[in-house]
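Structural overview for review
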Amino acid sequence: MQEKKVTLINKRGLHARAATRLVQTSQQYLAKTEVCLNERIANARNIMQLLMLAAPCGTELLLRAEGEDEQQAIAALEALVLNRFDEED
C-alpha cells in the first residue's frame with residue numbers, strides 16, 4: 001500500500017470539477033484508490049463520496065492506493081492535486 005499526504009492548494013478545494021478529475025484519474029489505474037480526511041475515507045472513484053469530504057483549500061488529505069500499479073496511481077493523483085486540478089493558472 002502506498003500513501004501520500006497532500007494539501008489542497010486550489011482556490012475552491014475539492015469541489016465538483018476537481019472531484020471529477022480525481023475520479024477520471026483514479027479510473028486509469030487498477031489499484032484501489034482512496035482519499036482520506038481525518039477518519040473519513042472516500043473511494044477515489046466515487047464522486048459523491050469525494051464531495052462528502054467537503055474539503056476546502058488548505059485541507060490536508062491522505063491519498064492511498066493498493067494494487068499492482070499503486071505507485072503510478074499515487075504519483076498521478078499527487079500530481080493532479082499539485083497542479084491545482086489543471087483549473088488555475
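Residues numbered from 1 in each chain as written. Predicted model: local features only at pLDDT ≥ 70, side-chain atom pairs only at ≥ 80, totals over all residues. Heavy atoms only, no water.

Here is the rule: UniProt positions are given in the numbering used here, feature names are shortened, and annotations may be inferred rather than shown by experiment.
With an unreviewed UniProt entry as reference, the chain is termed Phosphocarrier protein HPr, source organism Marinospirillum insulare. Annotation of the chain in UniProt includes, under Sequence similarities (unreviewed entry), the sentence "Belongs to the HPr family." Here the chain is described in UniProt, under the heading Subcellular location (unreviewed entry), as follows: "Cytoplasm".

**What to know about a nonpolar patch on the surface**
Applicable threshold: Each patch is built from residues that are more than 30% exposed by relative accessible area and take part in no salt bridge. Like charges join if they lie within 9 Å; nonpolar side chains (Val, Leu, Ile, Met, Phe, Trp, Tyr) join within 5 Å. Surface exposure here means Shrake-Rupley accessible area, sampled with a 1.4 Å probe, where a residue is shielded only by the protein chains that are shown. A pair is scored as a salt bridge if a Lys or Arg side-chain nitrogen falls within 4 Å of a carboxyl oxygen belonging to Asp or Glu. Helix numbering and strand numbering both begin at the N terminus, where a helix is a DSSP run of H or I of at least 4 residues and a strand a DSSP run of E of at least 2. Burial classes follow relative accessibility: with a 1.4 Å probe on protein chains only, a residue under 20% of its type's maximum area counts as buried, one over 50% as exposed, and anything between as partly exposed.
On the surface, a nonpolar cluster with roughly 240 Å² of combined accessible area is contributed by Ile-47, Met-48 and Leu-51. Its place among the elements puts Leu-51 in helix H2 (residues 47-52). On the accessibility criterion, Leu-51 (31% relative accessible area) is partly exposed.

**Brief notes about the pattern of salt bridges**
The full count for this structure, using the stated rule, is 5 salt bridges. The partner of Glu-3 in a salt bridge is Arg-64, and the shortest N-O contact between them spans 3.1 Å. Within this pair, whereas Glu-3 is found in strand S1 (residues 2-7), its partner Arg-64 is found in strand S4 (residues 60-66), the two being separated by 61 residues in sequence. Between Glu-78 and Lys-4 there is a salt bridge, with the nearest N and O atoms lying 3.5 Å from each other.

**Observations concerning the nonpolar core**
Keep this limit in mind: Put simply, a nonpolar core is a bunch of buried Ala, Val, Leu, Ile, Met, Phe, Trp, Tyr and Cys residues held in one set by side-chain atoms that sit within 4.5 Å of each other. Contact between two residues is taken to exist if any of their heavy atoms lie within 4.5 Å; hydrogens are not considered.
With 26 residues, the main nonpolar core has Leu-14, Leu-22, Val-35, Leu-50 and Phe-85 as its most contacted residues. Elements represented by at least two residues in this core include exactly helix H1 (16-26), strand S2 (32-37), S4 and helix H3 (70-82). The leading source of residues in this core is H3, at 6 residues. If we skip the residues at most four places from it in the chain, Leu-22 touches Leu-14, Val-35, Ala-44, Leu-50, Leu-77, Leu-80 and Phe-85.

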